[in-house]
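Structural characterization, general
Each chain, letter by letter, is given below.
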Amino acid sequence: MANPEAHRPAGVWVTPDEVRRLCDFIYRRTGMLFADNKRYYVDRRLAERIAATHSLSFQAYFALLRSNADGEIQHLVNAFTVNETYFYREEHQLRCMTSNLLNGATDRARPIRIWSIPCSTGEEPYSIAIWLMENWSQVDQYSIEIIGSDIDTTALKAAEIGIYGDRALMRLSPQLIDRYFEPLTDDHYRIDPGLTNSIHFTRANLVDAQQMAHYRDFDIIFCRNVLIYFDDSSRRMAAESLYDCLRPGGYIFLGHSETMSRISPLFDVCRFSDAIVYRRPETDHGDN
Amino acid sequence: MPFVKSGETSHLRVEPRRSAGALTSADPETRWNAARAIGIDADAVPQLAAALRAEPVPRVREAIITALMRIGDEASIAALMACLRSPDAGLRTACLDALRAMPQAILPFLASALEDHDSDVRIMATELARSVPPADANRLLCKLLEGERHANVCAVAIDVLAEVGTSDAIPALQKCAERFRTTAFLPFAASIAIARISGTEG
Amino acid sequence: METIEKTSTQLRASILVVDDSSLVRLYYREALEKTGLAIEEAINGIEAMEKVLAQAFDLVIVDINMPGMDGLTFLRTLRSTADAATTPVLMITTQASKHDVENARMAGANFYLVKPVSQAELVRHACVLTGLPT
């Protein structure tokens, strides 16, 4: 009876309360949390999935989602995570790093260790390095060790080569590009070899506790938009490994919609004006 | 540039695979490592279960729970379910969160948990019904609602049915609302649940 | 959902309702809005922290049992946050047991109510805690 032509996103009306219920469900199942100012983002993705599943109403789509028919939950999660990587992505986290987290650094005898995992093709660890040089007044007073790791060796190779298209540089000012990149002939740029030589790229698998055991004493870990893809026990294992990889009091950043609350209660929540960060407690909590 | 690249990442002597016996060590770090090193080993469940009940350090408790989740057999689920009646709120919550993630595995345990004499256990079991297949959730919760006298248990059941309920649940919801007509919140909740199930919520 | 600017709180108090049940939040919203109070919602402690830092609330109503960050943890975090440390908090507990009540008090709650809470009870306490006429 339904007219296939009616299956256009605009054809299915979704109320704000229904969007809210969807967000509640997503939070319960994945830990992804969408603040009110991100609701438009949810609206669009929801409309896409309603259309893609040929659902005639929110009710129908929600029933489908709950039964996880055809892995719809994963489709929805995928729709929410933009896999594109670029320099200075989620700049507010970088700002939080220098404004709030590194302020407490006092011991100049030991290096500050920062880990980007997964680092993909290197934009994230390089962004961290550039940001520190540009925005941290004390950057020359410390040794800073930045490590970028990924399970994908092709991505790591690309990171070590350090050539990027102009799309990856879209958030950088012309001055920054000029300072840290050398233009190549075809709208591509190579990052300053000084930076390539400064960052240690390694292959590592978050879910492999034996591999993760080689990484220790990190002050800050960036682990963005990857934990939500794991199943529950793998996610917990990764979180437990990351805990051990941090120094006591060390911090971990997740992706903008991810919450550690659904992943693991090992970490404390720290709310700064620029970002939410999770922290390994300095000492074990006695009891809850 | 202030960046240093050490030739190696800090090498740690990786702990050899530990036996479950290390779970009873007096040192929390040893217990933590032991729990994390246990693989998918059904033989370790009794020691894990015992360790879980006694573990005072929350993060070690989490590692023990992860180990049980990975094994995931009937004995593991039973061990986690048993902790739902613990007087320790932290332990209850931790186990509930783990069980939430294993809907197929918990299904055989729900019917009796929903009849537990402890209303808190019934509340948690009702919450767990949220993640099992809707047909099972409906069946279990409609049965619960028929006889449940504790208002807060009903409140959770209504909340779950508002999400996963089918039209088969409507009579049970209506009867519940009637039975609790003078109790705060329940009639309201039931009417919203019915409206959502019918697709008539504004 | 409009955010209420600080300047308008003389006219309408703004309240944050934190509970993981959408039915409960709807129930409280219905009651509180009838009395002219402005309501924001949060599903858990993390979202609640976001909101509390984005705007000042005259009252936070929070359930003690929430998945992820529970009510007590949220409250302790709130009390250690400079901007929002003195915000009045009404905690909703599931039992009147001494343990629950004492925990709520020690975490920094100003008052508690036991579920299920009636709309009338909620409004009465909300008015008292926000200083509005009952």
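Owing to the predicted nature of the structure, the values given are computational and were not obtained by experimental measurement.

Tallying secondary structure elements over chain B gives eleven helices and zero strands in all. Starting at the N terminus and ending at the C terminus, chain B contains elements arranged as α-α-α-α-α-α-α-α-α-α-α. Over its C-alpha trace chain B gives a radius of gyration of 22 Å, far above what one expects of a compact globule, namely 17 Å for 202 residues. The dimensions of chain B, computed from C-alpha atoms along their principal axes, are 70 × 50 × 25 Å. Of the contacts formed within chain B by residues at least 6 apart in sequence, a portion of 57% connects residues at least 24 apart.

Residue and element names in this part refer to chain C. Secondary-structure assignment places Thr-86 in the loop between helix H3 (71-79) and strand E4 (89-93). On the basis of neighbour count, Thr-86 is assigned to the exposed category, with 11 C-beta atoms found within 10 Å. Considering only alpha carbons, one finds Thr-86 and Val-101, 15 residues apart in sequence, at a separation of 19 Å.

What follows covers the environment of Gly-255 of chain A. The residue Gly-255 of chain A is located in the loop between strand E8 (246-253) and strand E9 (268-271) in this model. The spatial distance from the C-alpha of Gly-255 of chain A to the C-alpha of Val-226 of chain A is 8.1 Å, given a sequence separation of 29 residues.

On to the interface of chain B and chain A. When the parts of a complex come together, some accessible area is lost, and that lost area is often taken as the interface size. Facing 29 residues of chain B, the contacting portion of chain A comprises 39 residues. Mapped by element, the contributors of at least two residues to the side of chain B that touches chain A are helix H1 (28-37), helix H3 (58-71) and helix H5 (89-100) of chain B. Of all the elements, H3 of chain B adds the most residues to the side of chain B that touches chain A, at seven residues.

Taken together, the contact pairs eleven residues of chain C with 15 residues of chain B. Taken together, the residues of the side of chain C that touches chain B break down into six nonpolar, three polar and two charged.

A separate point is the sheet that holds strand E3 (residues 59-63) of chain C. All names here are of chain C. The strand order E2-E1-E3-E4-E5 describes an open sheet built from five strands, whose pairing is parallel. Each edge of the open sheet is held by one strand with a lone partner, namely strand E2 (38-42) and strand E5 (111-114). Along the sheet, successive strands turn relative to each other by an average axial angle of 20°, direction set aside. Bridge analysis of E3 against E4 gives four bridges, and the strand direction is parallel. When the sheet's bridge partners are listed, Val-62 is paired in E4 with Met-91. Set on the sheet, H3 makes contact with E3 and E4; between it and E3 the angle comes to about 150°. Contacts from helix H5 (residues 119-130) reach strand E1 (14-18), E3, E4 and E5, with the element oriented near 180° to E5.

Here chain A is described as being made up of domain 1 (4-80) and domain 2 (91-279). Using only C-alpha atoms to locate each centre, domain 1 of chain A and domain 2 of chain A end up separated by 31 Å.

So, on to the packing of helix H7 (residues 119-128) of chain B against helix H9 (residues 151-164) of chain B. Each packed pair of helices is defined by two parameters, the angle between the axes and the distance between the axes. All names here are of chain B. Between H7 and H9, the shortest axis-to-axis distance is 9 Å and the interhelical angle comes to 0°. One way to sum up the angle between H7 and H9 is to call them roughly parallel. Facing H7, whose interface residues are Ser-119, Arg-122, Ile-123, Thr-126 and Glu-127, H9 presents Asn-152, Val-153, Val-156, Ala-157 and Val-160. Here the residues of the contact of H7 with H9 sort into five nonpolar, three polar and two charged.

About the criteria used
- Residues numbered from 1 in each chain as written.
- Chains lettered and ligands numbered in written order.
- Predicted model: local features only at pLDDT ≥ 70, side-chain atom pairs only at ≥ 80, totals over all residues.
- Helix = DSSP H or I, 4+ residues; strand = E, 2+ residues; numbered from the N terminus.
- Rg over C-alpha atoms; globule rule 2.2 N^0.38 Å.
- Contact = placed C-beta atoms within 7 Å.
- Buried ≥ 20, exposed ≤ 12 C-beta atoms within 10 Å, placed from the backbone.
- Nonpolar A, V, L, I, M, F, W, Y, C, P; charged D, E, K, R; others polar.
- Pairing = 2+ DSSP bridges.
- Axes fitted to C-alpha atoms, helices over the stretch in contact; angles between N-to-C directions.
- Domains from an automatic or database assignment.
- Parallel < 35°, antiparallel > 145°, perpendicular 65-115°, else oblique.

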